[in-house]
Each structure stands twice: as C-alpha cells, then as structure tokens.
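# Structural description and commentary
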Amino acid sequence: MSAIDIVQIVGIGLIATFLAIVVKEQKPVFAFTITVFTGAIIFLFLIGEIQHIIQMLEGLASKANIEIIYVETVLKIIGIAYIAEFGAQITRDAGQGAIASKIELAGKLLIMAMAIPILKLIIETVLQLLPS
Amino acid sequence: MNHDVNKIFQIAGIGIIVAMLHTILKQMGKEEYAQWVTLIGFIVVLYMVITIIDDLFQKIRGVFLFQG
C-alpha cells in the first residue's frame, strides 16, 4: 500500500456521501445501507495494514521474551474496541443513540472482563512481595 | 477493491430504481405492490451489505486472534 491510497479512500468516501444524499431524498433506508457498506469497505481496505502492524508488534514481543498470552489479550482488546466503535458509529448515524450507547457499554465491559486475568496476576505478585 | 466499489453504485442504483417504481405504482393505484417492491429491493441490498460485513468480521477475527 502506498501513500496514493489515501486519495482512493477519500474518493470512495466522497462518492458514497453524494450517492447517499441523492438516495436519501427518495428512500432513507438505502442511504443507510450505502453508509454501512462504505464503512465496511474502508475498514477492509485498512485491515491489511493493521495486520502488518500487529505482526511487527508480535515480533517485538517475542524478541523481548514477553509471554504471548499478554500480547494476545492486548490484541483482543484492540479488536473489541474496533468492532464496538464500528457498530456504535453506524448505529448512531442511523439515529439510534440509545443502542449505540449500549454497544459501547458492552465493549467496555468485555474489555474489562478480558483484562481481569492480568489484573489478578498483578495483585498476586504484589501480595507475594509483601512480607507476611 | 474495484468490485466492492462497484457495489456502492449498484446499491444507489437499486435505491433510485425502487423509489421510481414505488412512485409509478403508487400513481397507478397499486399501493400494495409498491410496498412489496420496496421490501424486495431492501432485501437484495441487505444481502449485499451482510455479505461484506461477514467478510469484514471474518478478517477482524483473523487479524486480532479471536479463535473462539
């Protein structure tokens, strides 16, 4: 992927916006599906780059002798955040702010749940350090 | 990529055509047919959207190490 691709992404976004405006006059439902579709396409466009970044992070982590389970947890948290953000933004665009808030709440709670094992490990380590 | 971008135009085209058919059928006094045309057009478009969303979620699962 080169720097010129940003032009492509902006072009797709602008074209989709115009089409959505044109269609919204007649049928708002189709305008909404255009929005969802464009979001998915741009995300698909970017996910290859995200994969490269993550492979680099994994390489660094293995060189630094960090256990893979921690890196995996962090990656899963990033993934949850991405998906929740995608869903919440689309839902909010469609005018359902309440559902969007619930999606965000679910994302936060799941991230919290994923972080619990690490949190537990930290507390146990601190307790071991304390003189009994 | 090109294939996907073409689908945006397809969706917009389906939307405009369905709106036209809806108006024409309504003018002819066939109210219930107009509703059916809208519904079927929406289902076709929804199928396209769901296909690409499925693709996107599979890729996210692959990249962010969601196995379960």
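Residues numbered from 1 in each chain as written. Chains lettered and ligands numbered in written order. Predicted model: local features only at pLDDT ≥ 70, side-chain atom pairs only at ≥ 80, totals over all residues.

### A few points about the overall build of chain A
Per the secondary structure count, chain A includes four helices and zero strands. Expressed as lengths along the three principal axes of its C-alpha atoms, the size of chain A is roughly 75 × 40 × 15 Å. Here chain A, with 132 residues, has 15% of them falling under the buried criterion. (Helix = DSSP H or I, 4+ residues; strand = E, 2+ residues; numbered from the N terminus. Buried ≥ 20, exposed ≤ 12 C-beta atoms within 10 Å, placed from the backbone.)

### Topic: the interface of chain A and chain B
Each partner contributes residues to the interface: chain A has 30 residues there, and chain B has 25 residues. Residue assignment for the side of chain A that touches chain B shows that the elements contributing at least two residues are α1 (5-26), α2 (28-63) and α3 (68-93) of chain A. Sort the elements by how many residues they give to the side of chain A that touches chain B and α2 of chain A lands first, with 15 residues. (Contact = placed C-beta atoms within 7 Å.)

### Here we look at helix α2 (residues 31-63) of chain B
Between its terminal C-alpha atoms α2 of chain B stretches 48 Å, which fits the 48 Å expected from 33 residues at 1.5 Å a residue. Inspection of α2 of chain B places G41, V45 and V63 of chain B among the buried residues, and these make up the whole buried set. (Expected span 1.5 Å × (residues − 1).)

### Some thoughts on helix α4 (residues 97-129) of chain A
All names here are of chain A. A rise of 1.5 Å per residue sets the reference length of α4, with its 33 residues, at 48 Å; its end C-alpha atoms lie 47 Å apart and thus fit the reference within 8%. Along α4, the sharpest kink reaches roughly 40 degrees, centred on I116 and followed within four residues by the proline P117. In terms of residue burial, α4 counts as a barely covered element, since only one of its 33 residues are buried. (Bend = angle between axes of the 7 residues up to and from the residue.)

### With respect to the nonpolar core
Residues L19, V23, I34 and F37 of chain A together with I8 and I11 of chain B are the most contacted members of the largest nonpolar core, which totals 15 residues. For this core, the elements supplying multiple residues, two or more each, are α1 and α2 of chain A together with α1 (2-27) of chain B. A total of seven residues in this core trace back to one element, the largest contributor, which is α2 of chain A. (Core = buried A, V, L, I, M, F, W, Y, C linked by C-beta atoms within 7 Å.)

### Concerning unusual backbone geometry
You will see that N65 of chain A, though not glycine, has its phi angle at about 60 degrees, which is positive. If you trace the backbone, N65 of chain A turns up in the loop between α2 and α3.

### Things to note about the domain arrangement of chain A
Residues and elements named next belong to chain A. Per the domain assignment, the segments of chain A are domain 1 (1-65) and domain 2 (67-132). Computed over C-alpha atoms only, the centres of domain 1 and domain 2 are separated by 23 Å. With nine residues of domain 1 at the contact, the number on the domain 2 side is six residues. Partitioning the side of domain 1 that touches domain 2 into residue classes produces six nonpolar, two polar and one charged. (Domains from an automatic or database assignment. Nonpolar A, V, L, I, M, F, W, Y, C, P; charged D, E, K, R; others polar.)

### As for the confidence of the model for chain A
Across chain A, pLDDT averages 88, with 98% of residues at or above 70. Mean pLDDT across the elements of chain A bottoms out in α3 of chain A (87) and peaks in α4 of chain A (92). (pLDDT = per-residue confidence, 0-100.)

### Quick look at the packing of α3 of chain A against α4 of chain A
Angle between the axes and distance between the axes are the two parameters that describe a pair of packed helices. All names here are of chain A. Between α3 and α4, the least distance of the axes is 8 Å, while the angle of their chain directions is 175 degrees. On the basis of the axis angle, α3 is roughly antiparallel to α4. Seen from α3, the contacting residues are Y70, T73, K76, I77, I80, A81, A84, G87, A88, T91 and R92; seen from α4, they are G97, I99, A100, I103, E104, A106, G107, L110, I111, M114 and I118. Taken together, the residues of the contact of α3 with α4 sort by class into 14 nonpolar, five polar and three charged. (Axes fitted to C-alpha atoms, helices over the stretch in contact; angles between N-to-C directions. Parallel < 35°, antiparallel > 145°, perpendicular 65-115°, else oblique.)

### Regarding the environment of V71 of chain A
Looking at the element boundaries, V71 of chain A is found in helix α3. Residues V71 of chain A and L57 of chain A, 14 residues apart in the sequence, show an inter-C-alpha distance of 8.5 Å.

### A look at the confidence of the model for chain B
Per-residue confidence for chain B gives a mean pLDDT of 86, with 90% of residues at or over 70. For this predicted complex, the interface confidence score (ipTM) comes to 0.83, while the overall pTM stands at 0.81.

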